[in-house]
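What follows is each chain in one-letter form.
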Amino acid sequence: PGIISFDVADVEKAKEVIKHTKLFTLAESLGAVESLISVPSLMTHASIPAVIRHKEGIADGMIRLSIGIEDTEDLVEDLNQALNQIS
């Protein structure tokens, strides 16, 4: 799978995006056939102090996607609608 990351304003916005996706599965692992979504600052990197995470480029609002075998257009549409719902 392909992996991409992007940042939203903060961790609360990241949680909102995840809440509104329909095709992405919340998971710490990024290796599967289905598309997965995670927030490293809350999951895989939660035990690392924020100062170190930020120094390494892992913002609190970073969202990481692992793209699976679903239709690309469906995934883009799902992500767009989720991003459009954050306040």
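Before any of the text, the structure's been laid out above.
Residues numbered from 1 in each chain as written. Predicted model: local features only at pLDDT ≥ 70, side-chain atom pairs only at ≥ 80, totals over all residues. Heavy atoms only, no water.

Asks: It is not clear to me how the sheet that holds strand β1 (residues 2-7) should be interpreted in this structure. Could you clarify?
Replies: Pairing between the strands of a sheet comes from backbone hydrogen bonds, and it takes one of two forms, parallel or antiparallel. Ordered in space as β1-β4-β3-β2, the four strands form an open sheet in which the pairing is mixed. Edge strands, defined here as strands with exactly one partner in the open sheet, are β1 and β2 (25-26). Bridge count between β2 and strand β3 (residues 36-38): two bridges; the pairing is parallel. What sits directly across from Thr25, in β3, is Leu36. Along the sheet, helix α1 (residues 11-20) contacts β2, β3 and β4 (62-67); its crossing angle with β3, the most-contacted strand, is approximately 160°. (Pairing = 2+ DSSP bridges. Helix = DSSP H or I, 4+ residues; strand = E, 2+ residues; numbered from the N terminus. Contact = heavy atoms within 4.5 Å. Axes fitted to C-alpha atoms, helices over the stretch in contact; angles between N-to-C directions.)

Asks: Whenever I open this one, helix α3 (residues 72-84) confuses me. Can you help?
Replies: Helical geometry: 3.6 residues make up each α-helical turn, so side chains three or four residues apart lie on a common side. End to end, α3 covers 18 Å across 13 residues, agreeing with the expected 18 Å (1.5 Å per residue, within 8%). Contacts made by the buried residues of α3 are with β1, α1 and β4. With a side-chain oxygen lying 3.1 Å from the backbone nitrogen of Glu73, the N-terminal cap of α3 falls on Asp71. (Expected span 1.5 Å × (residues − 1). Polar contact = N/O pair within 3.5 Å; in protein donor to acceptor, adjacent residues only side chain to side chain.)

Asks: Can you walk me through the nonpolar core in this structure?
Replies: One broad rule of soluble globular proteins: the nonpolar side chains tend to lie buried together. Core analysis: the biggest nonpolar cluster contains twelve residues, these being Val8, Ala14, Val17, Ile18, Phe24, Ile37, Val39, Ile63, Leu65, Leu75, Leu79 and Ala82. The residues touching Val8, leaving out its near neighbours within four places in the chain, are Lys13, Ala14, Val17, Gly61, Ile63 and Leu83. (Core = buried A, V, L, I, M, F, W, Y, C linked by side-chain atoms within 4.5 Å. Buried < 20%, exposed > 50% of the residue type's maximum accessible area, 1.4 Å probe, protein only.)

Asks: Before we go on, may I ask you to explain α1 in this structure?
Replies: Within α1 the residues assigned to the buried category are Lys13, Ala14, Glu16, Val17, Ile18 and His20. Buried positions along α1 lie against β2, β3, β4 and α3. N-capping of α1 is provided by Asp10, with a side-chain oxygen placed 3.1 Å from the backbone N of Glu12.

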